[in-house]
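Here's the letter readout for the chains.
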Amino acid sequence: LAWLRAELAAAAAANQTALLIGHVPPAERLWAAAHRDAFFDVLQSASAAAGGAGHVLDVTSLWGHTHRDMAFAVDLPAQRPPQVRRFTGLIAPSVTPLFVNPSARVMLYADGHHSSPIDYAQYVLPLRTPGAAWQLEYEFARAYRVADASPAAVAALNDRLVLERGARSAYAAWRERTTALYPNEQTQDLCALRHPQRSVAYYACRERASRGT
């Protein structure tokens, strides 16, 4: 964590974005609460450093492990308004056929020096189809009607998924290709990912979801 803190502080000082790649995402039931809290403490301290320097630090993260297609955004507490800091995560389904058909993701970047992806293409290999071949399943920006895969866009999408049942149906279809999710499980997962420390905002998220259209 000391190494991560130093790297994020350097990115904040240079007014850069940061790309964090890991295997197990920092979600409830996947990380011990103490470890998850320590991780977000590091992100918040880096955000505070960014605010103090007059910069905004956005951290995009890429994960696996769950074998499911997921996207989440966490708003980090602002130290100095109007600074906005976000930690976003894109979780890719697996290439191994456990729970789902084999999947592969191709990330798209604006240029060779841009540290955060702007879009991705998701491919799938439908094993039960005779003569199966890899095929494009969807492109993130087009499928979810967002401008790109930036932290701001992912955060806005997260809010839509909580509030709009129609948007959640597409998300659930890609998240769980073999087992349908019940609506309360969908929103519980989305709210838990957005508010991993189970703050008052988490329960407000659940309440908004219950009134969603």
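Scope of this entry: the structure provided in the associated data block. Predicted model only: the values in this text are computed from it and were never measured.

Let us look at the overall build of the chain. When helices and strands are counted, the chain shows seven helices and seven strands. Of the regular secondary structure in the chain, the N- to C-terminal order runs α-β-α-β-β-β-β-β-β-α-α-α-α-α. Every one of the 213 residues in the chain was classed for burial, and the buried ones make up 44%. By sequence separation, contacts in the chain at least 24 residues apart represent 58% of the contacts at least 6 residues apart. As displayed, the chain has an accessible area near 10600 Å², and 57% of this comes from carbon and sulfur atoms.

Moving on: helix α1 (residues 2–13). Compared with an ideal rise of 1.5 Å per residue, which puts twelve residues at 16 Å, α1 spans 17 Å between its outermost C-alpha atoms and is within 8% of the ideal. Inspection of α1 places Leu-4, Leu-8, Ala-11 and Ala-12 among the buried residues, and these make up the whole buried set. Buried residues along α1 cover an arc of 100 degrees about the axis, so they all sit on one side. Structural note: α1 exposes Ala-2, Trp-3 and Ala-13 on the side pointing more than 90 degrees away from its buried face. Positive phi shows up at Asn-15, right after α1, with a value of about 60 degrees.

This part covers unusual backbone geometry. For His-65, which is not glycine, the phi torsion reads 75 degrees and is therefore positive. Secondary-structure assignment places His-65 in the loop between β2 (58–63) and β3 (70–76). Among the residues examined, His-65 registers a relative accessible area of 35% and is labelled partly exposed. One non-glycine residue with positive phi stands out, namely His-67, at about 65 degrees. As for its position among the elements, His-67 is in the loop between β2 and β3. Owing to a relative accessible area of 16%, His-67 belongs among the buried residues under this scheme.

Now for the environment of Leu-62. Tracing the backbone shows Leu-62 in strand β2. A C-alpha to C-alpha distance of 8.0 Å links Leu-62 and His-23, two positions 39 residues apart in sequence. The contact partners of Leu-62, leaving out residues within four places of it in the chain, are Leu-19, Leu-20, Ile-21, Gly-22, Leu-90, Met-107 and Tyr-109.

About the criteria used
Residues numbered from 1 in each chain as written. Predicted model: local features only at pLDDT ≥ 70, side-chain atom pairs only at ≥ 80, totals over all residues. Heavy atoms only, no water. Helix = DSSP H or I, 4+ residues; strand = E, 2+ residues; numbered from the N terminus. Buried < 20%, exposed > 50% of the residue type's maximum accessible area, 1.4 Å probe, protein only. Contact = heavy atoms within 4.5 Å. Areas by Shrake-Rupley, 256 points an atom, 1.4 Å probe, with all protein chains shown as cover. Expected span 1.5 Å × (residues − 1). Arc of directions from axis to C-beta.

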